[in-house]
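# Architecture and fold: a report
What follows is the residue order along each chain.
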Amino acid sequence: MSDFVNGFWGIFISVVAVGGVLWCVWLLYTQRRWLGAKPAAGQVEDTGHVWDGDLTELNNPVPTWWTWMYLLACLFALGYLFFMPGLGSYKGQLGYSSTEEVAQHQAKMANAVRPIYARFETMTVPQISQDAGAREIGQRLFLNNCAQCHGSDAKGGPSFPNLTDGDWLHGGSPEVIMKTIKEGRHGVMPPWKAAIDAKAAGDIAQYVRSLSGLTADPIRVFRGKREFGNFCVACHGVDGKGNQLMGAPNLTDDVWLYGSSEASIVKTILDGRDNRMPAHEHILNPEQIKVLTAWVWGLSNKPEAAGDVQAEGNTAVDTPAAGTPAAGTPAAGTPAAETTAVGTVAVGTAPLAK
Ligand code: HEC
Ligand code: HEC
């Protein structure tokens, strides 16, 4: 196979390759004065170079064996170019192709692993997620294909969602996870610099923080709430709980892609965010995607619930028992520093059941 987009480069390469070999032969020919048998002793020319007072450099002819080696190497090169691909788009008489060799190898591997995956064909995603063998395969696939972004523990990082917390941008049902893996995702939060100034953005950020029960200035929250109603509800909803169809995150659950500080939220509001998950349907085959879907689904769905996908839902937050006094009982996982003043703002202090 040739990667050249037009014929010129193929011809150029051919001319350089064949020309190079012929040039080597021509060089030998022009230097033929130095070929042949060793002359009788005493007649040897020297180069005129003398070292250490008496060490002269002789100018003996090249040995015959060397000449033959040289010619054989040139012949080998021409023969190679005749039989193997090397001249532009010419495939070579033997028709060898490394691309084909790889494809054959891959087909062989695919056939070899097919029986392993065949077992999962009739199983549902929740069933696969409970299968020890499938979990091992799923984890390996994840480490090879996903961990570089989502982390080897799948807990994500700034801009990369945590896949273990039962909190979903796009949805956590097996179908939606599979669609995410196959087609990828593009999360776009538009920038609002043109419509919202920094001060107003700060107010909105205070309101957004209050939604998750984080410390916030009540007066700024009041102002921010109004602006939120003007600019944000279309995607994040009137209650701020987001919209999975648009990939707009729930802003009330204290789970953050970019961080909960006012500065980070203001940056999101003013500059927007553009976040991409690449499609994997051309990298992984359908059987692998199914096993991987089950592995990811299993991260936030405990085995007991696997039989009933809808009922158990997500496991992220240990909701404190109803009636527990508000102060000092923030949602599990709230960073300690943020918890001290929870309750100064009434909105959204209770963890929200999803
Ligand atoms: C190049 C980085 C990258 C790789 C590789 C990657 N992801 Fe993602 N993934 C992302 C980003 C970024 C998002 C968030 C997209 C958004 O903001 O809407 C995401 C989102 C997701 C989501 C949706 C989460 C939600 O809350 O709805 C799932 C599920 C997911 N990835 C699984 C995987 C799996 C499984 C793999 C391996 C096959 C993988 N990802 C590989 C970057 C990546
Ligand atoms: C067009 C729909 C849309 C509008 C309007 C919108 N957002 Fe967003 N927002 C998104 C999407 C989608 C994301 C997720 C971006 C990503 O995947 O990285 C997001 C992310 C965010 C985040 C980051 C959340 C986190 O977990 O770190 C914050 C905060 C936020 N938006 C606040 C706002 C505020 C405040 C407004 C109003 C000024 C607003 N958004 C308006 C769609 C929107």
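Our structure is the block above this text.
Attention here is on the structure that accompanies the text. (Residues numbered from 1 in each chain as written. Chains lettered and ligands numbered in written order. Predicted model: local features only at pLDDT ≥ 70, side-chain atom pairs only at ≥ 80, totals over all residues.)

## Focus: the overall build of the protein
How we decide: Every helix listed is a DSSP run of H or I at least four residues long, and every strand listed is a run of E at least two residues long, numbered separately from the N terminus. Neighbour counting defines burial: a residue surrounded by 20 or more other C-beta atoms within 10 Å of its own C-beta is buried, one with 12 or fewer is exposed, and intermediate counts give partly exposed, using backbone-placed C-beta atoms.
The number of helices and strands found in the protein is 14 helices and 4 strands. Residue burial in the protein is summarised as follows: out of 354 residues, 24% are buried.

## Quick notes on the site of ligand 2
Rule in force here: Only the C-beta atom, placed from the backbone, is used; a residue is near a molecule or strand if that atom lies within 6 Å of it. For this scheme, ten residues count as nonpolar: Ala, Val, Leu, Ile, Met, Phe, Trp, Tyr, Cys and Pro. Four count as charged, namely Asp, Glu, Lys and Arg, and the remainder, Gly too, count as polar.
For ligand 2, the set of nearby residues contains 27 residues, the closest of which are G187, M189, C232, C235 and N275. Classifying every residue of the shell around ligand 2 by side-chain character gives 21 nonpolar, 5 polar and 1 charged.

## So, the site of ligand 1
Close to ligand 1 lie 26 residues, the nearest being C146, C149, G187, N275 and M277. Only α6 (147-150), α7 (174-183), β3 (185-189), β4 (273-277) and α12 (286-300) provide two or more residues apiece to the shell around ligand 1. Looking at the shell around ligand 1 residue by residue, the classes come out as 13 nonpolar, 11 polar and 2 charged.

## Observations regarding unusual backbone geometry
Residues other than glycine seldom take positive phi values, yet D52 does so here, at roughly 50°. Structurally, D52 is set in the loop between β1 (46-51) and β2 (55-58). D52 gets classed as exposed once you count the C-beta atoms within 10 Å, which come to 5.

## Regarding the packing of helix α5 (residues 132-145) against α12
Here is the rule we go by: For helices, the fitted line uses only the C-alpha atoms of the stretch in contact; every axis is such a line through C-alpha atoms, and the angle between N-to-C directions lies from 0 to 180 degrees. Any angle from 65 to 115 degrees is called roughly perpendicular, while one under 35 is roughly parallel, one over 145 is roughly antiparallel, and all others are oblique. In this description, a residue-residue contact is defined by the distance between C-beta atoms placed from the backbone, which must lie within 7 Å.
Interaxial distance between α5 and α12 falls to 8 Å at its minimum, and their mutual angle equals 95°. As far as their axial angle goes, α12 and α5 are roughly perpendicular. The segment α5 lies against α12, with A134, R135, I137, G138, Q139, L141 and F142 engaging Q288, V291, L292, A294, W295 and G298. For the contact of α5 with α12, a count of residues per class yields 8 nonpolar, 4 polar and 1 charged.

## What about helix α8 (residues 198-211)?
Condition: The length a helix should cover is 1.5 Å for every residue beyond the first.
Taking 1.5 Å of rise per residue, the 14 residues of α8 would be expected to cover 20 Å, and the 20 Å separating its terminal C-alpha atoms lies within 8% of that figure. Of all 14 residues in α8, 12 are buried, a share of seventy percent or more. Looking only at α8, the buried set comprises A200, A201, G202, D203, I204, A205, Q206, Y207, V208, R209, S210 and L211. Where α8 is buried, its residues contact α9 (218-231) and α11 (262-271). Where α8 ends, the next residue or the one after it, G213, has phi of about 80°, a positive value.

## So, α5
As a reminder of what qualifies: This arc corresponds to the set of directions leading from the helix axis out to the C-beta atoms.
Given a rise of 1.5 Å per residue, 14 residues ought to cover 20 Å, and the 20 Å separating the end C-alpha atoms of α5 matches this to within 8%. Residues of α5 that are buried include every one of A134, I137, G138 and L141, and no others. Along the axis of α5, the buried residues cluster in a sector spanning 100°; they form a single face. Turned more than 90 degrees off the buried face of α5, the exposed positions are A132, E136 and L143.

## Notes on the environment of F82
As for its position among the elements, F82 is in helix α2 (residues 64-83). Residues F82 and L94 lie 12 residues apart in sequence; the distance between their C-alpha atoms is 8.8 Å.

## Observations regarding the packing of α7 against α12
To keep it simple, the criterion reads: Should the near helix be turned counterclockwise from the far one by less than a right angle, the crossing is left-handed, whereas a clockwise turn marks it as right-handed.
Where α7 contacts α12, the axes come no closer than 9 Å and their chain directions differ by 125°. On the basis of their axis angle, the class for α7 and α12 is oblique. Considering how the two elements wind past one another, α7 and α12 form a crossing that is right-handed. Between α7 and α12, the contacting residues are P174, I177, M178, I181 and K182 on the first element and I289, L292, T293, V296 and W297 on the second. In the contact of α7 with α12, the residues fall into 8 nonpolar, 1 polar and 1 charged.

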